[in-house]
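So you can see what is in the structure, the chains are spelled out below.
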Amino acid sequence: MTKTVPAGAGAPATGRTAAPHVAAALYVDLEGLRARYECRRPGCPHRLEGPVYSTDLAEDGKPIGVAGLKAFIDGIKTAHLTQYHGSTR
């Protein structure tokens, strides 16, 4: 038995009127060597954070390595929202 469904009506109703908005994107390469954060909130004064590379130099002149890259990834959302949007959500 075949059922005809109008275009766009294939998913069950969830009570939502529109698709959820993507507020930000965090891009990390598969090798774990670089990352960047892109804010997509309307009116954001600083849309792009990074890119940060594992070969970037720390204050002591040594490469930040994977640990420095992980620190960027772990803290960027909170740091960006606090600095530019006055919130951590």
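Above this note sits the structure.
Every chain's residues receive numbers from 1 upward, in the order its sequence appears when written. With pLDDT at 70 or above as the cut-off, local features in this predicted model cover only qualifying residues; side-chain atom pairs require 80 or more to be listed or tallied, and sums for whole chains, interfaces and linings still use all residues. Processing note: side-chain calculations cover all non-hydrogen atoms of the structure and skip hydrogens and water entirely.

1. A short note on helix α1 (residues 65-85)
Three or four residues apart is the spacing at which side chains of an α-helix point the same way, because the helix has 3.6 residues per turn. Comment: elements are numbered from the N terminus, with helices defined as DSSP H or I runs of at least four residues and strands as E runs of at least two. Each residue after the first adds 1.5 Å to the expected span of a helix. A rise of 1.5 Å per residue sets the reference length of α1, with its 21 residues, at 30 Å; its end C-alpha atoms lie 29 Å apart and thus fit the reference within 8%. To get the bend at a residue, fit one axis to the 7 residues ending there and another to the 7 starting there, then take the angle between the axes. Maximal helix bending in α1 amounts to about 50°, located at glycine 75. Exposure is judged per residue with a 1.4 Å probe applied to protein chains only, and the accessible area is read against the type maximum: over 50% gives exposed, under 20% gives buried, and values in between give partly exposed. Along α1, the residues that are buried comprise Leu69, Phe72, Ile76, His80 and Leu81. Contact criterion: two residues are considered in contact whenever any of their non-hydrogen atoms come within 4.5 Å of each other. Looking at the buried residues of α1, the elements they touch are β1 (24-28), β2 (34-39) and β3 (48-53). Note on α1: the residue one or two positions beyond its end, glycine 86, has a positive phi of about 65°.

2. Re the pairing of β2
Taking every second residue as pointing to the same face, the buried face of β2 carries Ala35, Tyr37 and Cys39, while none of Arg34, Arg36 and Glu38 on the other face is buried. Paired strands, in this sense, are two strands between which DSSP finds at least two bridges. Where β1 lies against β2, five bridges are found, and the strand directions are antiparallel. Counterpart to alanine 25 in the pairing with β2 is glutamate 38. Connecting the antiparallel pair β1 and β2 is a turn made up of five residues, with glycine 32 showing a positive phi of about 70°. In this sheet, β3 lies alongside β2 in antiparallel orientation, the contact comprising four bridges. The partner of glutamate 38 across the bridge, within β3, is leucine 48.

3. What to know about the sheet that holds β3
With respect to topology, three strands assemble into an open sheet ordered β1-β2-β3, the strand pairing being antiparallel. Each end of this open sheet is capped by a strand with a single partner; those strands are β1 and β3. Each strand of the sheet is rotated relative to its neighbour by a mean of 5°, with strand direction disregarded. In the packing of α1 onto the sheet, contacts are made with β1, β2 and β3, and the angle to β2 comes to roughly 20°. To get an axis, fit a line to the C-alpha atoms, keeping to the stretch in contact for a helix; angles then go from 0 to 180 degrees between the N-to-C directions.

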